[in-house]
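Descriptive analysis of the structure
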Amino acid sequence: MSDTEEPDHPKTPHEDAGDGAGEPPPTVVVGLLCDPGLPSDVVNAFVGDLEHDLSEHVSGAVTWEVRMRTESLRIDEDGTVPIVRLAQVLRPELGWDLLLCVTDLPRQLSTTPVVADISVRHGVALASLPALGVVGVKRRMRDTVLYLAGELGRGIVGGRAGRERRRAGGKFTPVAWVDRPDAAIEVSLVLVGLWGRLRLLAGMVWDNKPWRLVPELSTALAAGVAAAAFGIFYSSIWLLADALSVRRLALVSLLAIAAMVAWLIAYNRLWESSGSAPESPRTKVVLYNLSSVVSLTVGVASWYLMLFVVTFAGAFAVIENGYLERTLGHPVNLGDYLTLAWLASSMGTFAGALGSSLESEDAVYRAAYSRRERQRRRRTRQAREAEEALGNDEA
């Protein structure tokens, strides 16, 4: 099979089900098993209309029944979801004809992002939320679910949802089928090209919710506010801020954000190497590290913005306009207060980096990563510590 061909499916006696005159259409039960958090939230947004959508886009010859269940999908030692074993257990146990799993675990084949894995033989598919990016995620997930249900349902009702396959990729990110002859699953739906890899990275960052860094790192924020207050109360900082150009102030801001990101990564050992994650190929390690850097950069930038707002409000409330004019030696306006808050916030960010050392490692993990990513990193760290302990015992 080529990358662009649809997967072949054997015909079954059920393909003409419901065509007999006077016979009620059979019922096909679709089970949606979603990871807690963002996957469950996204699916909940459209699950109420899914039965109608399946009848309209896949097949109207049967009655569709959709059942949704939220629970953490188990992960194997190699970091994958064993969907075939899940199907063998859950389908007969719960009476589901088709099983569609939705996870926020990023999936790759080498460097190629995976949207979904599918096994028609076992009636199961796994959709990976990060591969859908950050724009139109609910629509893309709906189209992906319809397409996967159509592919799995071809062996039962002969329906399909080919149009939704293209929509799952998007206008600028085409998708293709890739055979998996060496895996328990049969084929994978993957994103093609550079845009696909960038979309996976963006989806991973979005799933991490990096803006949570602001409330989680309360100690660092307190240290940053204290250092920024120094800039509000000392006139030498006013004069320095007034003397610096916008370009220089922007450079100082970037350096402050970069310093805090680097400190968080180094102090909390967030950087991964191939040796620290032996089960992950180099391409996955690079992806995880890029995700960490981008997530923390977005989080620290949000943290910086919050500090800037607090500092500007404090400077505007404390420093009297006339006194600031006499100190600077020229008339002042709102821009002077903004410039002062800008420099003071950069000072506070440098201090906040050091203050983050007082945060627990769990707090930093909660601030920087999604639940799935925290689980993966803890598993990797435990494996590394076990290997180190074994090496020490042998020595």
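Refer to the structure above for everything that follows.
First, a word on scope: everything that follows refers to the structure included in this document.

As a further point, take the packing of helix 6 (residues 194-208) against helix 11 (residues 282-318). As a packed pair, helix 6 and helix 11 sit with axes 9 Å apart at the nearest point and diverge in direction by 55 degrees. For the element pair helix 6 / helix 11, the angle class is oblique. The chirality of how helix 6 crosses helix 11 is right-handed. Between helix 6, through L200, L201, M204, V205 and N208, and helix 11, the contact on the second element is made entirely by L287, Y288, L290, S291, V294 and S295. Residue composition of the contact of helix 6 with helix 11, by class: 8 nonpolar, 3 polar and no charged.

Along the chain, S345 falls in helix 13 (residues 334-355). For S345, the side chain forms a polar contact with the main-chain oxygen of A341, separated by 2.7 Å. Leaving out residues up to four positions away in the same chain, S345 has contacts with Y304, L307, F308 and T311.

Right, let's get into the packing of aromatic side chains. For the coordinates displayed, the defined rule picks out 6 aromatic pairs. Plain terms: the ring middles of W263 and Y267 are 5.8 Å apart, the flat faces sit at 10 degrees to each other, and that makes the pair stacked. Here Y267 and W263 lie together in helix 10 (residues 246-267), a separation of 4 residues that amounts to about one turn. The exposure class assigned to W263 is partly exposed, which follows from its relative accessible area of 32%. On the basis of relative accessible area, Y267 is assigned to the partly exposed category, the value being 45%.

Rules used in this analysis
- Residues numbered from 1 in each chain as written.
- Predicted model: local features only at pLDDT ≥ 70, side-chain atom pairs only at ≥ 80, totals over all residues.
- Heavy atoms only, no water.
- Axes fitted to C-alpha atoms, helices over the stretch in contact; angles between N-to-C directions.
- Helix = DSSP H or I, 4+ residues; strand = E, 2+ residues; numbered from the N terminus.
- Parallel < 35°, antiparallel > 145°, perpendicular 65-115°, else oblique.
- Left-handed = near helix turned anticlockwise from the far one by under 90°.
- Contact = heavy atoms within 4.5 Å.
- Nonpolar A, V, L, I, M, F, W, Y, C, P; charged D, E, K, R; others polar.
- Polar contact = N/O pair within 3.5 Å; in protein donor to acceptor, adjacent residues only side chain to side chain.
- Phe/Tyr/Trp six-rings, centres within 6.5 Å; stacked < 30°, edge-to-face > 60°.
- Buried < 20%, exposed > 50% of the residue type's maximum accessible area, 1.4 Å probe, protein only.

Function-wise, these values are silent; they only describe arrangement.
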